[in-house]
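This is what each chain is made of:
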Amino acid sequence: MARAVDYGSVMSASYVLIHGAGDVGWYWHRVEVALRARGRDVVVMDLPVDDDSAGLAEYADVVVDAIGKRRGAILVAQSFGGYVAPLVCDRVAVELLVLVAAMVPAPGESAEAMFAHTRYAPAGDVSDTIETFYHDVDPELAKEAIARGRHQSETPSKQPWPLAAWPDVPTRFLLCRNDRLFPAAWLRRVVRERLDLTPDEIDSGHTPALSHADELAEYLSYCAQSRRP
């Protein structure tokens with residue numbers, strides 16, 4: 001059962017945007033602009049994805065350090081960020097967790113094991129970066145995203161997820177109907193089975209912060225104001 005939320009506090013909270021594997025905080029830049037235009041505080045960071053010595057705990061450290069003394073954060077986690085954000089919830093005050101096309105770990109389960117346990121199969125050839133991640137993104141923006149991407153260390157994906165249970169924080173999930181990396185049918189089932197949630201949905205590929213930034217910012221604003229956890 002999720003704890004009660006003071007939505008007056010949520011309205012003054014900061015959005016903390018956590019990117020996915022092999023990426024950088026720049027991924028969120030269009031959403032950041034849209035949220036700041038709405039008068040909201042936004043926190044973005046670069047996770048140490050190319051550091052083989054950094055695991056899940058170190059990823060969470062970077063997010064916690066970026067949050068600093070802020071309280072009542074709204075965490076927004078993309079893709080592999082689903083493995084990181086709950087660890088942050090275990091360490092700082094979080095009012096709301098919003099997962100966007102995200103992985104949903106189980107206790108003791110590595111990211112590699114999650115794919116095996118949930119019978120995952122991508123919708124196509126994942127070696128084609130454009131077609132997998134950016135097929136609905138402006139071509140020039142997609143080129144920049146690829147240029148800014150970093151090598152993803154295998155270290156965190158091999159580590160067991162350390163929490164004993166999902167954090168006691170209200171959680172929303174936004175599923176991308178046209179996602180070729182995490183197919184919608186697979187992810188709907190995972191979200192239902194693991195979070196007991198019916199996800200919200202958007203007509204986007206795997207990277208809505210680039211392809212549908214305004215719509216995503218509007219959704220995040222709605223989540224902050226909605227009384228439905």
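Residues numbered from 1 in each chain as written. Predicted model: local features only at pLDDT ≥ 70, side-chain atom pairs only at ≥ 80, totals over all residues. Heavy atoms only, no water.

A.B. asks: Please explain the pairing of strand E3 (residues 73–78) as it appears in this structure.
C.D. replies: Side chains on a regular strand alternate between the two faces of the sheet. Within E3, 6 of the 6 residues are buried, leaving the element largely enclosed by the surrounding structure. Burial along E3 is two-sided: Ala73, Leu75 and Ala77 facing one way and Ile74, Val76 and Gln78 facing the other are all buried. As paired strands, strand E1 (residues 15–18) and E3 are joined by 4 bridges and run parallel to one another. Counted as the bridge partner of Val16 is Leu75 from E3. Sheet topology places E3 next to strand E4 (residues 94–100); 6 bridges connect them, and they run parallel. Of the residues in E4, the one forming a bridge with Ala77 is Leu99. Read as a crossover between parallel neighbours, the route from E3 over helix H4 (residues 81–89) to E4 is right-handed. (Buried < 20%, exposed > 50% of the residue type's maximum accessible area, 1.4 Å probe, protein only. Helix = DSSP H or I, 4+ residues; strand = E, 2+ residues; numbered from the N terminus. Pairing = 2+ DSSP bridges. Right-handed = clockwise from strand over helix to strand, strands pointing away.)

A.B. asks: How do you make sense of the sheet that holds E3 when you look at a structure like this?
C.D. replies: Strand order in this open sheet of 6 strands is E2-E1-E3-E4-E5-E6, and the pairing throughout is parallel. Both edges of this open sheet fall to strand E2 (42–44) and strand E6 (200–202), since each of them pairs with a single strand only. Strand-to-strand twist in this sheet, taken as the mean axis angle between neighbours without regard to direction, amounts to 20 degrees. Bridge analysis of E4 against strand E5 (residues 171–176) gives 4 bridges, and the strand direction is parallel. Across the sheet, Val100 pairs through a bridge with Leu174, a residue of E5. Lying on the sheet, helix H2 (residues 29–37) is in contact with E1 and E2; it crosses E2 at an angle near 160 degrees. (Axes fitted to C-alpha atoms, helices over the stretch in contact; angles between N-to-C directions. Contact = heavy atoms within 4.5 Å.)

A.B. asks: I tried to follow unusual backbone geometry on my own but got confused; where do I start?
C.D. replies: Backbone geometry follows two general trends: most residues other than glycine have a negative phi, and most peptide bonds adopt the trans configuration. A positive phi angle is found at Ser79, which is not glycine, with a value near 55 degrees. Take Ser79: its relative accessible area is 9%, and that puts it in the buried class. Unlike most non-glycine residues, Arg119 shows phi in positive territory, near 60 degrees. Among the secondary structure elements, Arg119 is positioned in the loop between helix H5 (111–117) and helix H6 (129–133).

A.B. asks: What exactly am I supposed to notice about the pairing of E5 here?
C.D. replies: Here E5 lies mainly inside the structure; 6 of its 6 residues are buried. Of the two faces of E5, the one carrying Thr171, Phe173 and Leu175 and the one carrying Arg172, Leu174 and Cys176 are both buried. Here 3 bridges tie E5 to E6, and the two strands are oriented parallel to one another. Its bridge partner being in E6, Cys176 is matched across the sheet by Ile202. Assessed by its sense of winding, the connection that carries the chain from E5 through helix H9 (residues 184–195) to E6 is right-handed.

A.B. asks: Is there a simple way to explain the packing of aromatic side chains in this structure?
C.D. replies: Given two aromatic rings, their pairing is described by the distance between the two centres and the angle made by the two planes. Enumeration over the complete set of coordinates arrives at 11 aromatic pairs. On the basis of an interplanar angle of 35 degrees and a centroid distance of 6.3 Å, the ring pair of Phe115 and Trp186 is categorised as tilted. Here Phe115, found in helix H5, pairs with Trp186, found in helix H9; they are 71 residues apart in sequence, far enough to count as distant. The class for Phe115 is partly exposed, based on a relative accessible area of 26%. Taken together, the ring pairs connect Phe115, Tyr120, Phe182 and Trp186 into an aromatic cluster. (Phe/Tyr/Trp six-rings, centres within 6.5 Å; stacked < 30°, edge-to-face > 60°.)

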